[in-house]
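Commentary on secondary and tertiary structure
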Amino acid sequence: MTAPLRGSDPIVVDVALGARSYDIVIGRGQLASLGARIAKLRPGAKVAIVSDKNVAARHLDAAVAAVKGNVLQVCTVVLPPGESTKSFEHLASLCDHLISQRIERNDLVIALGGGVIGDLTGFAAAIVRRGLDYVQVPTSLLAQVDSSVGGKTAIDSPQGKNLIGAFHQPVLVIADTALLDTLPEREFRAGYAEVAKYGLLGDAAFFAWLEANWKDVFAGGPAREHAIATSCRAKAAIVARDERETGDRMLLNLGHTFGHALEAAAGYSDRLLHGEAIAIGMALAFEFSARRGLLPKAEAERAIGHLAAVGLPTRIGQVEGGGPPLDELMDLIAQDKKVSRGKLTFILARGIGNAFVAPEVDAQDVRAFLAEMLKQAN
Ligand code: GLY
């Protein structure tokens, strides 16, 4: 992640949603193209750039420089970093700010940051003046391959993550892969879990490519761009088929039912980053699938082995401070995905690249499986 790498021609992925279609522009140095791209999209617009303190220190000046001269007016909003920013309080102050800066329907809001900034800014854009257009400029690997694409916007409620929100698609996503050079390695690795997810859920060839090339993805350069573009193409195809998550989009939740519960139990803290929780969740989903005879044990071991090889946690025992008690874990699972008459909806796998939605999983089977996993962890 340290070698100075040259800028590249971007890879452009189309999210095909009819009149609401948009491009994801992927490549090193693409932040510099932001101004020209938005001038083309909204000539003469005012823009508000929303970021957090950490990202602003690294990238806000470059973002402002990129848009200046291409827009009528630019204002900036810098929020505190961290999941607690996805609150009503910060949503209210962001909305007030956008209104007082007179950002109108033909103007643009730009989310410059990771998933927290993207989700919060997208939701503010969805509701201010009944809907403003916005651009995602994701600055974390996780946001570049997942949260910036597909129009899910939200804040958290005391009852859980992302419970208050709206589907509101951006008009453009710019994934400048050079912005990932300054990410702490742990955060990049956590984001990689979502990259591996696309291979595991629907693309065995991509998974095999990742097994062979993951070190180059971490190092930056063309392999990183290929991995991000392949992930975005996979997500764009799923979102185009099922924007509102009534079917196929649920596949993107592979590892998330177990993962969200572990993340919640760890208090959404540095004890367990989102991507790390998803890595454990995917490992559990493959192990659980193998035990149900859906795929050979060796294939589940291969899936889990790759996550472990890149340094991601794959076992509950690897959560810093230990995993939660079984009852707490089951309660959290029930909150995340509704239990209906003792049945849970899970994403399970018939093989690497072959995940499916299993709507009728017996909660007692899940409980027995987790009891065993927790016993191994202790
Ligand atoms: N992150 C899952 C989705 O966008 O549906």
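Residues numbered from 1 in each chain as written. Predicted model: local features only at pLDDT ≥ 70, side-chain atom pairs only at ≥ 80, totals over all residues. Heavy atoms only, no water.

**Some points on the overall build of the protein chain**
If you tally the helices and strands in the protein chain, you get 13 helices and 11 strands. For the protein chain, whose C-alpha radius of gyration is 20 Å, the value lies close to the compact-globule estimate of 21 Å for 378 residues. In terms of its C-alpha atoms, the protein chain occupies a principal-axis envelope of roughly 60 × 40 × 40 Å. Per-residue burial for the protein chain yields a buried fraction of 56% across its 378 residues. (Helix = DSSP H or I, 4+ residues; strand = E, 2+ residues; numbered from the N terminus. Rg over C-alpha atoms; globule rule 2.2 N^0.38 Å. Buried < 20%, exposed > 50% of the residue type's maximum accessible area, 1.4 Å probe, protein only.)

**A few points about the site of the ligand**
Taken together, Asp146, Lys152, Lys235, Glu245, Arg249 and Leu252 make up all the residues around the ligand. At 2.5 Å, a side-chain N or O of Lys235 approaches an oxygen atom of the ligand. Of the residues assigned to the shell around the ligand, the class counts are one nonpolar, no polar and five charged. (Near = heavy atom within 4 Å. Polar contact = N/O pair within 3.5 Å; in protein donor to acceptor, adjacent residues only side chain to side chain. Nonpolar A, V, L, I, M, F, W, Y, C, P; charged D, E, K, R; others polar.)

**Observations concerning the sheet that holds strand β3 (residues 46-52)**
Read from one edge of the open sheet, seven strands run β1-β2-β9-β6-β5-β3-β4, paired in mixed fashion. On the outer flanks of this sheet lie β1 (11-15) and β4 (73-79), each paired with one strand and no other. Pairwise comparison of adjacent strand axes, ignoring direction, gives a mean angle of 15° for this sheet. Across seven bridges, the pairing between β3 and β4 is parallel. (Pairing = 2+ DSSP bridges. Axes fitted to C-alpha atoms, helices over the stretch in contact; angles between N-to-C directions.)

**A few points about the pairing of strand β5 (residues 108-113)**
By the criterion of burial, β5 is predominantly enclosed, with six of the six residues buried. Here β5 shows a buried face lined by Leu108, Ile110 and Leu112 and a second buried face lined by Val109, Ala111 and Gly113. In this sheet, β5 lies alongside β3 in parallel orientation, the contact comprising four bridges. Bridging across to β5, Val47 finds its partner in Leu108. Remark: the β5/helix α4 (residues 115-127)/strand β6 (residues 133-138) crossover connection has right-handed handedness. (Right-handed = clockwise from strand over helix to strand, strands pointing away.)

**With respect to the domain arrangement of the protein chain**
It is common to give the size of an interface as the accessible area that goes away when the parts come together. Once the domains are mapped, the protein chain shows domain 1 (11-182) and domain 2 (185-377). Distance from the C-alpha centre of domain 1 to the C-alpha centre of domain 2: 27 Å. The interface of domain 1 with domain 2 comprises 28 residues on the first partner and 29 residues on the second. Of the roughly 2500 Å² buried at the junction of domain 1 and domain 2 (both faces included), carbon and sulfur atoms supply 63%. Counting the surface domain 1 buries against domain 2, the share from its top three residues, Leu141, Val145 and Phe167, is 24%. The interface formed by domain 1 and domain 2 contains five salt bridges. The residue Glu243 makes a salt bridge to Arg20 at a minimum N-O spacing of 2.7 Å. (Domains from an automatic or database assignment. Contact = heavy atoms within 4.5 Å. Buried area = accessible area lost by both parts, 1.4 Å probe. Salt bridge = Lys/Arg side-chain N within 4 Å of Asp/Glu carboxyl O.)

**Overview of the pattern of salt bridges**
Enumeration over the complete set of coordinates arrives at 24 salt bridges. For Lys161, the salt bridge is made with Glu263, and the minimal N-O distance between the two is 3.0 Å. Taken together, the residues span a long stretch of sequence, with Lys161 in strand β8 (residues 160-167) and Glu263 in helix α9 (residues 256-265) at a distance of 102 residues. Given a relative accessible area of 16%, Lys161 falls into the buried group. Where salt bridges share partners, they join Glu83, Lys86, Asp119, Asp156, Lys161 and Glu263 into one cluster.

**Some words on the layout of surface pockets**
Counted as a void, the second largest pocket has a volume near 390 Å³. In terms of lining, the second largest pocket is formed by 19 residues, of which the most central are Arg20, Ser21, Tyr22, Pro170 and Val171. No other element matches the four residues that helix α1 (residues 34-41) contributes to the lining of the second largest pocket. Taken together, the residues of the lining of the second largest pocket break down into eight nonpolar, three polar and eight charged. (1 Å grid on protein atoms, 1.4 Å probe; cavity = no way out; pocket = protein on both sides within 12 Å on 5 of 7 lines; lining within 4 Å. Points joined across faces, edges and corners; volume = space filled by probe spheres on them.)

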